[in-house]
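# Per-entry structural report
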Amino acid sequence: MNAAHHLDRSRLYLGFVTQNVLAGEYDRAARAVHRAASHAVTAAALHWHQRHHSWHRLTLVLGMLVRDGRIGYRHLRTFREVLRLPALLDEASGNVATLRRLLRRFRRRVDRMRREITRAMLADPNPPSLEEILAQLAVSQP
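Read on for a plain summary of the structure. Treat the numbers as computed from the prediction; the structure is a model and nothing was measured.

A few words on the overall build of the protein. Each helix and strand counted, the protein has seven helices and zero strands in total. Counting from the amino terminus, the protein carries its helices and strands in the arrangement α-α-α-α-α-α-α. In terms of principal-axis extent, the alpha carbons of the protein reach across some 70 × 25 × 25 Å. Taking all 142 residues of the protein together, the buried fraction comes to 42%. When the accessible area of the protein is evaluated, it comes to approximately 8,400 Å², of which 53% is carbon and sulfur surface. For the protein, the separation between the mean place of its 24 positive charges and that of its 12 negative charges on side chains is 5 Å.

The structure is reproduced here in structure tokens:
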């Protein structure tokens, strides 16, 4: 699977959020937000040849993108808050309007993160892998 596949899956799960909120299935909507965020960051990890098999590694990839100035810090904060989304939903479980507002807000934030990751990937279309960098260093040294 490549980065484009994960960006498509992210967009698909963002569509599920809207459908689930309208149907009143808030737990499913929260899982869809979570999956949309993780697929978007997995796309970035694959694009820049980073490991991506845990939430911690995905957070490191976002941190790398923030450090390099490719995306804003708010997206790293959004990604961390998505992990706490089920607890936020439990706190607001009695108020349907608050649940809907919370899920809509997270859906918009994850969508912005996905779009900015896509923009960063398009700005750097063919980043070298670690093996390519090491091969270039081996050739340049006597």
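All right, on to the side chain of Ser38 then. With respect to the helices and strands, the residue Ser38 is situated in helix 2 (residues 26-47). For Ser38, a relative accessible area of 15% gives the class buried. Polar contacts involving the side chain of Ser38 include one to the main-chain carbonyl oxygen of Arg35, which spans 3.1 Å.

At their nearest, the axes of helix 1 (residues 3-23) and helix 6 (residues 96-123) sit 10 Å apart, and the two run at 165° to each other. Judged on the interaxial angle alone, helix 6 and helix 1 are roughly antiparallel. Taken as a pair, helix 1 and helix 6 cross one another with a handedness that is left-handed. Where helix 1 approaches helix 6, its residues Ala3, Leu7, Ser10, Arg11, Leu14, Val17, Thr18, Val21 and Leu22 are matched on the opposing element by Arg100, Leu103, Arg107, Val110, Asp111, Arg114, Thr118 and Met121.

This part covers the pattern of salt bridges. For the structure on display, the rule yields eight salt bridges. For Arg11, the salt bridge is made with Asp8, and the minimal N-O distance between the two is 2.6 Å. Of the two residues, Arg11 and Asp8 both sit in helix 1, three residues apart, roughly one turn of that helix. Residue Arg11 is classed as partly exposed on the basis of its relative accessible area of 46%. We classify Asp8 as partly exposed; its relative accessible area is 42%. Measuring nitrogen to oxygen at the nearest pair gives 3.7 Å for the salt bridge that ties Asp111 to Arg115. One end of the pair, Asp111, and the other, Arg115, are both in helix 6, four residues apart, so they sit about a helical turn from each other. Connected through shared salt-bridge partners, Asp111, Arg114 and Arg115 make up one network.

Definitions and cut-offs
Residues numbered from 1 in each chain as written. Predicted model: local features only at pLDDT ≥ 70, side-chain atom pairs only at ≥ 80, totals over all residues. Heavy atoms only, no water. Helix = DSSP H or I, 4+ residues; strand = E, 2+ residues; numbered from the N terminus. Buried < 20%, exposed > 50% of the residue type's maximum accessible area, 1.4 Å probe, protein only. Areas by Shrake-Rupley, 256 points an atom, 1.4 Å probe, with all protein chains shown as cover. Lys, Arg positive; Asp, Glu negative; His and termini not counted. Charge placed at Lys NZ, Arg CZ, Asp CG, Glu CD. Polar contact = N/O pair within 3.5 Å; in protein donor to acceptor, adjacent residues only side chain to side chain. Axes fitted to C-alpha atoms, helices over the stretch in contact; angles between N-to-C directions. Parallel < 35°, antiparallel > 145°, perpendicular 65-115°, else oblique. Left-handed = near helix turned anticlockwise from the far one by under 90°. Contact = heavy atoms within 4.5 Å. Salt bridge = Lys/Arg side-chain N within 4 Å of Asp/Glu carboxyl O.

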